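Reading the structure
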Amino acid sequence: MNGHRSGRPLVPAYLSTSGVARPSRNSLERLSVLTSAAGPVFGDLPAAQHALLQSLEGGSLTVVEAAALLRLPVSAIRVLAAALIDQGLVTARPPVPPAAQPDHDLLKRVADGLRALKL
């Protein structure tokens, strides 16, 4: 037996957040980018917060990516991330708005032009 039924954890999500239902800040969106702000932390952190910090050691993740990696609901990751941000252990950056994203048609034309120069 592997401890999971139908791929879902047996521990309810509210236990991973120590019973906290809402994040301390409303600024975390599904595509907010989380980055570890400190090195390895050896403190008295709950297991779920420690797991989130470990997942951020190699770089940055969005809230959705962290939820998928840790197999927790997005709402639980928002609560855990907000607690880590409050402690100064994680930073969060809002997602890039669609208006600020590059024009894909322009990028394709530039790439085609560079390929033409290469020949």
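Below is a short write-up of the structure.

The rules behind each value
- Residues numbered from 1 in each chain as written.
- Predicted model: local features only at pLDDT ≥ 70, side-chain atom pairs only at ≥ 80, totals over all residues.
- Heavy atoms only, no water.
- Axes fitted to C-alpha atoms, helices over the stretch in contact; angles between N-to-C directions.
- Helix = DSSP H or I, 4+ residues; strand = E, 2+ residues; numbered from the N terminus.
- Parallel < 35°, antiparallel > 145°, perpendicular 65-115°, else oblique.
- Left-handed = near helix turned anticlockwise from the far one by under 90°.
- Contact = heavy atoms within 4.5 Å.
- Nonpolar A, V, L, I, M, F, W, Y, C, P; charged D, E, K, R; others polar.
- Pairing = 2+ DSSP bridges.

**Describing the packing of helix α2 (residues 47-55) against helix α3 (residues 63-70)**
Where α2 contacts α3, the axes come no closer than 11 Å and their chain directions differ by 115°. Judged by the inter-axis angle, α2 sits roughly perpendicular to α3. As α2 packs across α3, the resulting crossing turns out to be right-handed. On the side of α2, the interface is formed by A51, L52 and S55, while α3 contributes A66, L69 and L70. Of the residues contributing to the contact of α2 with α3, the split by class is five nonpolar, one polar and no charged.

**Quick word on the sheet that holds strand β3 (residues 33-36)**
Within the open sheet, the three strands sit side by side as β4-β3-β5. Their pairing is antiparallel. Bordering the open sheet on either side are β4 (60-62) and β5 (90-93), each of which pairs with just one other strand. In this sheet, neighbouring strand axes are inclined to one another by 25° on average, regardless of whether the strands run parallel or antiparallel. Two strands pair when backbone bridges link them, and β3 and β4 are joined in this way by three bridges, in the antiparallel orientation. Bridging across to β4, V33 finds its partner in T62. Contacting β3 and β4, α3 runs over the sheet at an angle of about 95° to β4.

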